[in-house]
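These are the residues of each chain, in order.
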Amino acid sequence: MASVSKVSILDYFNIVFEGENGKIESNCKACGTRIQAKRSVTSNFVTHLKRKHQAMYDDFVKRKDMKREGYSSGSLHTFTTNGGNSRYSLPISTGVAAGGGGGGVGGIGSPDGGVGGGSGGAVTKFDRHDPRQVLISEAIAKMIVRDLQPVSIVDNQGFRELLQLLEPRYSPEPQHYIQSQLLPAYAYQAQLATRQALASAHALSLSLDVWRDVAGSASGYLGVTCHFLTSDWQMRSALLACLPLPGGTSGSRVLSDFDEVCHSHGVSGRAFRVVADPLLATTTVKPCCLPGFLVSPALANGQDEDDDEEVDNGHILEEGIRNGHGDGADEGEWEDSWEQGLGVCRIDCFSRSLEQCVREGLRSCPQLSSTLAKAACFYNYITSAVPAEKLSQVFDAPGMMVGGPGNIPHPVKDWAAQLKILRRLVDSVEFLEEMSGPGELALGSSERALLREVTDTLEPFTEAWDMVHGDRPADTQADRHVSISLAMPCVLGLRKHLSETSVAHCPTLLVGLSQAVERLLAPILEDPLYITATTLDPQFKLTWSSNPDWHRQVVIEELTKHSSSSSPLDPNTDLHPQSHTPPAPAPSPVSSLSRPCKLFSFIKQRPMTQAKSLEQELAVYLREEPTDEEALHYWRRKAIDFPQLAQMAKRAFTIPACGTVVERIFTTAGCCLRPERGRILPKNLETLIYLKANYRLLWT
């Protein structure tokens, strides 16, 4: 019989393989490290705990003497598989759980779902402060946050049985503990980390997102996100607050809450720009999709009406869906409050304006719906009838193949992703028809021509969307920031494309897109802020300009307005001009070795650098060739050469061109508040959204 100490150390490891002569392979329960040893020689396990997990090692040493006394007979209960091979071993405890939470747990298959001795024995439970107990509790909280799960999941019988199977010594935390203590504690830690990061930020802008949860509901949420630049020119974003909005909330009330959030985080008066769209305050904006193009067979057959309701498939929604606002006067009140409260520092989200252009263009061409619906049916048919290995030759990008009825990837509900599927479909239609065989779903020549015109017309819009949104990673916690410096080149490219495009089958689409671009995006071309931001982007400079002299003068005037020679916080551009200025950046470290005068007398004195004017800095900067170097990396390197331009670059590049992390989380959580689904209680959703948006800030 193995000694007690040899058995006790295996409690901290999962045995995954046991071979001849007592050889075993185990994974550390704390870090997963694979360790090989013999059951009779367990020093490798002890050494691993001592070197890597000191707290667990101390616990092992403390419990070893207790177990030696309690298990003097060395009795051991071994669980076996059907074949009789030993899987893992646990000592039989004669006392109650160490955590004080009760007695033993039953055997596998018992009503309690525990893992223990078949004769009613118990395992020693972790203490509340045991490192392993804390680690598992944190992992459960992280799962709830990342998946936006209801906290009540911890009380589900199946979940508790799974925990007992994986770690019998873990004492499940009750729902009220996670709800009222654990999650608020994590939120408090995130707030402290955010305030500390913002205290030393060199420049920052804010995004204000107002979200109405579901159609017909007056409640919603307010998200305030800060985009800031660190001392080493790293761009970061943090959600400052996610606040519930009760029904009937006015625009002035939202602005009051916004001001309170800014004051509490010490960013009042420091915001260079506030990205806020008044449209979102009064409507529930559905994702823009190609009209009639439903790529899920379940949606096409009407089997999932809830998901179908979330998507705007090109049907006209004149004013969106009102949420607690009875008439247009409310919308005007919101817009007036927006303009008066935020003033000239407010700026529209470029990606949202771009999507609105596509939405209006699609609505202007109602004849597209029937052809796109047929194309969707053809796509659904071939993805279900043709082997996946053959389809991969056409649809080789992630998310392009549904893979079964009702299994529609979320990005496919996006017009840009749908357009990519449609283009692959049109380019390879002969190949796909050959594999699937002739049928009524085959696309005719006129239908193919129409679809090709649609894809060709909208392709530059897709390119602009992808450029602004980056690679659109699935993990919404990833730090990803695209500045407004891309806006002007995108608008110029779209105008040029639309002016040179001619279509025969969908002329109204072209007209609708052109009108929307001129109304929503063309004003950017005259905006001094956008002109300056694009010019300060080293990949563009003034290469886009048709009148470089005039644009150079616009940039100089904008730089002069925000230069350090004037007030650091211009009341025309900041939210609260009476607030304190941000702390000055720390000076660069100087060599501690002084230069000996006589020893180094042969070295010529460095000439005194004469301060350059704004015009001189800009002229030297523009004479350099454009570069593909990332903008913030470039300005970090060139801040000494162009100090005045760098100060403006710090501010301009904090303004995001696309939606924030919290906006994407709002979209994900859109179906979570539906009463019939019962997935998440509103009382804790704001905390989960806050932690999910700040996940990397707290847990990396």
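Throughout this description, residue numbers start from 1 for each chain and increase along the sequence as written. Local features in this predicted model are restricted to residues whose pLDDT is 70 or higher, and side-chain atom pairs enter the listing and the counts only when it is 80 or higher, whereas totals over whole chains, interfaces and linings include all residues. Just so you know, side-chain values use all the structure's heavy atoms and leave hydrogens and water out.

Where do I start with the overall build of the protein chain in this structure?
Elements are defined by DSSP. Helices are runs of H or I of four residues or more, strands are runs of E of two residues or more, and each kind is numbered from the N terminus. Along its length, the protein chain carries 26 helices and 10 strands. Here's how the labels work: a residue is buried when its accessible area is under 20% of the maximum for its type, exposed when over 50%, partly exposed in between, all with a 1.4 Å probe on protein chains only. Put simply, the protein chain has 700 residues, and 48% of those count as buried. Contacts were defined at the residue level, with two residues in contact if any of their heavy atoms lie within 4.5 Å. Sequence separation of 24 or more characterises 71% of the internal contacts of the protein chain that already satisfy a separation of 6 or more. To measure how exposed things are, a 1.4 Å probe is used in the Shrake-Rupley method; for residues, cover is taken only from the protein chains shown. Accessible surface, the protein chain: about 33,400 Å² in total, of which carbon and sulfur atoms supply 52%.

Looking at this structure, how should I read the packing of aromatic side chains?
What characterises a pair of aromatic rings is the spacing of the ring centres plus the angle enclosed by the ring planes. Each Phe, Tyr or Trp ring, with Trp reduced to its six-membered ring, pairs with another whose centre is within 6.5 Å; inter-plane angles below 30 degrees give stacked pairs, above 60 give edge-to-face pairs, and intermediate values give tilted ones. In total, this model carries nine aromatic pairs according to the counting rule given. With a centroid separation of 5.0 Å and an interplanar angle of 70°, the aromatic rings of tyrosine 186 and tryptophan 699 are classed as edge-to-face. Placement of the pair is tyrosine 186 in helix 6 (residues 175-199) and tryptophan 699 in helix 26 (residues 695-699), with a sequence separation of 513 residues. Feature note: the residues Tyr621, Tyr634, Trp635 and Phe642 constitute an aromatic cluster, connected by ring pairs. For a Lys NZ or an Arg CZ to count as sitting over a ring, it must be within 6 Å of the ring centre and within 35 degrees of the ring normal. Note that arginine 146 overlies the ring of tyrosine 695, its terminal NZ or CZ placed 4.4 Å from the centroid. Its guanidinium or amino end placed over the ring of tyrosine 12, arginine 169 lies 5.8 Å from that ring's centre, counting from NZ or CZ.

Would you take a moment to explain the state of the cysteines for this structure?
As used here, a disulfide is simply a covalent bond connecting the sulfur atoms of two cysteines. Count a disulfide wherever a pair of cysteine sulfur atoms falls within 2.5 Å. Considering all chains together, one arrives at zero disulfides under this definition. A disulfide-free cysteine, cysteine 226 has its sulfur positioned 8.5 Å from the sulfur of cysteine 262, the nearest such atom. Cysteine 226 gets classed as buried once you look at its relative accessible area, which sits at 0%.

For this particular structure, what's the right way to read the environment of threonine 42?
Looking at where threonine 42 falls in the secondary structure, it is placed in the loop between strand 3 (34-38) and helix 2 (43-52). Here threonine 42 falls in the buried class, since its relative accessible area comes to 11%. Spatially, the C-alpha atom of threonine 42 lies 8.4 Å from that of leucine 10, the residues being 32 residues apart in sequence.

Would you explain the packing of helix 20 (residues 548-562) against helix 23 (residues 643-652) in this entry?
When two helices pack together, you describe them by how their axes are tilted relative to each other and by the distance separating the axes. Only the stretch in contact is used when fitting a helix axis, every axis being a line fitted to C-alpha atoms; angles between N-to-C directions are given from 0 to 180 degrees. Interaxial distance between helix 20 and helix 23 falls to 10 Å at its minimum, and their mutual angle equals 85°. It follows that helix 20 is roughly perpendicular to helix 23 by the angle criterion. Taking contact as the criterion, the partners of Glu558, Leu559 and His562 in helix 20 are, on helix 23, Leu645, Met648 and Arg651. Note on residue categories: nonpolar means Ala, Val, Leu, Ile, Met, Phe, Trp, Tyr, Cys or Pro, charged means Asp, Glu, Lys or Arg, and polar means any other residue, Gly included. In the contact of helix 20 with helix 23, the residues fall into three nonpolar, one polar and two charged. Small angles under 35 degrees read as roughly parallel and large ones over 145 as roughly antiparallel, with 65 to 115 read as roughly perpendicular and the rest as oblique.

Is there a simple way to think about the nonpolar core in this case?
Considering soluble globular proteins, one finds that nonpolar side chains tend to be buried as a cluster. What is meant by a nonpolar core is a set of buried Ala, Val, Leu, Ile, Met, Phe, Trp, Tyr and Cys residues, joined one to another through side-chain atoms within 4.5 Å. Leu422, Phe461 and Trp635 are the most contacted members of the largest nonpolar core, which totals 94 residues. Broken down by element, this core gets its largest block of residues, eight residues, from helix 16 (residues 445-469).

What's the story with the sheet that holds strand 7 (residues 220-229) in this structure? I'm lost.
The strands that make up a sheet pair up through hydrogen bonds in the backbone, lying either parallel or antiparallel. Two strands are counted as paired when DSSP detects at least two bridges linking them. Read across the open sheet, the five strands follow the order 8-7-6-9-10; overall the sheet is mixed. In this open sheet, the two edge strands, each paired with only one partner strand, are strand 8 (235-245) and strand 10 (346-347). As paired elements, strand 9 (residues 271-276) and strand 10 share two bridges and run parallel to each other. Note on strand 10: the bridge partner recorded for valine 275 is isoleucine 347.

Mind showing me how you'd approach the confidence of the model for the protein chain here?
Where the model shows low pLDDT, its predicted coordinates should not be examined in detail. Along the chain, pLDDT gives the predictor's confidence residue by residue, from 0 to 100. Across the protein chain, the average pLDDT comes to 74, with 67% of residues at 70 or higher. Counting contacts from residues 68-120, a segment whose pLDDT is below 50, to residues more than four positions away or on other chains yields 87 contacts. Low pLDDT (under 50) marks residues 298-329, which in the prediction has 79 contacts with non-local residues, meaning those over four places away or in another chain.

What exactly am I supposed to notice about helix 18 (residues 507-520) here?
Owing to its 3.6 residues per turn, the α-helix aligns residues three or four sequence positions apart on the same side. Every helix has an expected span of 1.5 Å times one less than the residues it contains. Here helix 18 is 14 residues long and its end C-alpha atoms lie 20 Å apart, about the 20 Å a rise of 1.5 Å per residue gives. Three or more residues of helix 18 are buried, namely Leu509, Leu510, Gly512, Leu513, Ala516 and Val517. The buried residues of helix 18 occupy one face: seen down the axis, they fall within an arc of 165°. Looking at the buried positions of helix 18, the neighbouring elements they touch are helix 11 (350-363), helix 12 (368-385), helix 16 and helix 17 (487-500). Each direction from the helix axis to a C-beta atom contributes to the arc, which is the arc of those directions.

In this structure, what is going on with the sheet that holds strand 2 (residues 23-28)? I would like to understand it.
Strand order in this open sheet of three strands is 1-2-3, and the pairing throughout is antiparallel. The sheet is open, and its two borders are formed by strand 1 (13-18) and strand 3, each paired with just one other strand. The sheet shows a mean angle of 30° between the axes of neighbouring strands, direction not considered. Where strand 2 and strand 3 come together, five bridges link them in antiparallel fashion. Considered in strand 3, the bridge of isoleucine 24 is made with alanine 37. The strands that helix 2 touches are strand 1, strand 2 and strand 3; relative to strand 3, the one it contacts most, it runs at about 145°.

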